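Listed below are the residues making up each chain.
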Amino acid sequence: MKKNHLPILGVGPMYVIIIVGMTIISIILSATNIIPIITIKNLRWILILLGVLCVVTGITLWLKAVIFDRLDAHIIKNELVTTGAYAYVRNPVYSAFMLVCTGILFGYGNIVLLILPFFYWAFMTVFMKLTEEKWLEDLYGQEYISYCKSVNRCIPWKGKKL
């Protein structure tokens, strides 16, 4: 029997595994002095605060998108979700993991590793353009194109009115 909706998980698990793996490996390489460690003592508490803020925002975003907005139910019904977390970012689940990984890097405090969030963002941008965005445009057409023009792909931000 053919499904009449997009895959429930999409390409998300692949994205998440890669960025979580990059985060863990980079911290291990830093802790073992394979990657140089550069810290700024005067910024330590600011970095920890930024890290906590990113982690809390990421967890909140994930809970909002998955639990409260019931993404899976919308996918099964073939509904384009543009409200709740999706009014702020087109990919809140992936963005949530990006924020959590970024927060962990801030908390770790090695300035060298803070290049990784730019890779997370770039990877997410390219990955989404090549996969889910094509699927969604094929499925929803102009409705999705208009949504894309008003809501950011990766970084949560209050979008323009649709």
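Basis of the calculations
- Residues numbered from 1 in each chain as written.
- Predicted model: local features only at pLDDT ≥ 70, side-chain atom pairs only at ≥ 80, totals over all residues.
- Heavy atoms only, no water.
- Phe/Tyr/Trp six-rings, centres within 6.5 Å; stacked < 30°, edge-to-face > 60°.
- Helix = DSSP H or I, 4+ residues; strand = E, 2+ residues; numbered from the N terminus.
- Buried < 20%, exposed > 50% of the residue type's maximum accessible area, 1.4 Å probe, protein only.
- 1 Å grid on protein atoms, 1.4 Å probe; cavity = no way out; pocket = protein on both sides within 12 Å on 5 of 7 lines; lining within 4 Å.
- Points joined across faces, edges and corners; volume = space filled by probe spheres on them.
- Nonpolar A, V, L, I, M, F, W, Y, C, P; charged D, E, K, R; others polar.
- Expected span 1.5 Å × (residues − 1).
- UniProt positions renumbered as here; feature names shortened; annotations may be inferred.
- Disulfide = S-S within 2.5 Å.
- Salt bridge = Lys/Arg side-chain N within 4 Å of Asp/Glu carboxyl O.
- Core = buried A, V, L, I, M, F, W, Y, C linked by side-chain atoms within 4.5 Å.
- Contact = heavy atoms within 4.5 Å.

Peer 1: Got a sec to walk through the packing of aromatic side chains? Specific residues and values, please.
Peer 2: The tally for this structure, following the rule as stated, stands at four aromatic pairs. Aromatic pair Tyr 15 and Tyr 94: ring centres 6.1 Å apart, planes at 55°, arrangement tilted. Of this pair, Tyr 15 sits in helix α1 (residues 12–31) while Tyr 94 is found in helix α4 (residues 92–108), placing the two residues 79 residues apart along the sequence. The exposure class of Tyr 15 is buried, given its relative accessible area of 0%. A centroid spacing of 6.1 Å and a plane angle of 50° characterise the contact between Tyr 144 and Tyr 147, whose relative ring orientation is tilted. With Tyr 144 and Tyr 147 both in helix α7 (residues 142–150), this residue pair falls three residues apart, about one helical turn. With a relative accessible area of 4%, Tyr 144 lands in the buried category. Assessed through its relative accessible area of 3%, Tyr 147 is described here as buried. The structure contains a cluster of three or more aromatic residues connected by ring pairs, namely Tyr 15, Tyr 94, Phe 123 and Phe 127.

Peer 1: I'd like a description of the layout of surface pockets, backed by residues and values.
Peer 2: Empty space within the second largest pocket amounts to approximately 280 Å³. The set of elements that each furnish at least two residues to the lining of the second largest pocket consists of α2 (44–68), α4 and α5 (116–130). For the lining of the second largest pocket, the element with the highest residue contribution is α2, accounting for five residues. Class assignment for the residues of the lining of the second largest pocket results in ten nonpolar, four polar and one charged.

Peer 1: Please set out unusual backbone geometry residue by residue, giving values where relevant.
Peer 2: Within the chain, Asn 33 stands out as a residue other than glycine whose phi angle is a positive 60°. Within the fold, Asn 33 resides in the loop between α1 and α2.

Peer 1: Lay out α5 with the relevant residues and their values.
Peer 2: Helix length check: α5, at 15 residues, gives a terminal C-alpha distance of 21 Å against a target of 21 Å (1.5 Å per residue), a fit within 8%. Listed as buried for α5 are Leu 116, Pro 117, Tyr 120, Met 124, Thr 125, Phe 127 and Met 128.

Peer 1: Could you give an account of the UniProt feature "transmembrane region" (unreviewed entry) in the protein, with specific residues and numbers?
Peer 2: Mapped onto the present numbering, the UniProt feature "transmembrane region" (unreviewed entry) falls at residues 12–31, 43–63 and 96–123. Structurally, residues 43–63 comprises 95% helix and 0% strand, and the distance from its first C-alpha atom to its last is 30 Å.

Peer 1: Before we move on, could you go through the state of the cysteines and cite the residues and values that matter?
Peer 2: Scanning the entire structure with this criterion turns up zero disulfides. Cysteine Cys 148 remains unbridged, with the sulfur of Cys 154 as its closest cysteine sulfur at 11 Å. Cys 148 sits in the partly exposed class, given a relative accessible area of 23%.

Peer 1: Report on the pattern of salt bridges, specifying residues and quantitative values.
Peer 2: Enumeration according to the criterion identifies three salt bridges in this entry. With a shortest N-O distance of 2.9 Å, Asp 69 and Lys 64 are connected by a salt bridge. Its salt-bridge partner being Glu 133, residue Arg 153 comes within 2.5 Å of it at the nearest N-O pair. Of this pair, Arg 153 sits in the segment after α7 while Glu 133 sits in helix α6 (residues 132–140); the two residues are 20 residues apart in sequence, bridging distant segments of the chain. According to the relative accessible area criterion, Glu 133 is buried, its value standing at 12%. When salt bridges that share partners are traced, they join Arg 90, Glu 133 and Arg 153 into one network.

Peer 1: Which residues make up the nonpolar core, and what values do they have?
Peer 2: Formed by 38 residues in total, the largest nonpolar core has its most connected members in Tyr 15, Tyr 86, Tyr 94, Met 98, Leu 105, Tyr 120 and Met 124. Those elements that place two or more of their residues in this core are α1, α2, α3 (71–76), α4, α5, α6 and α7. If you tally residues by element for this core, the top one is α4, at eight residues. Other than its neighbours up to four places away in sequence, Tyr 86 contacts Ala 65, Asp 69, Leu 71, Val 81, Pro 92, Val 93, Tyr 147 and Val 151.

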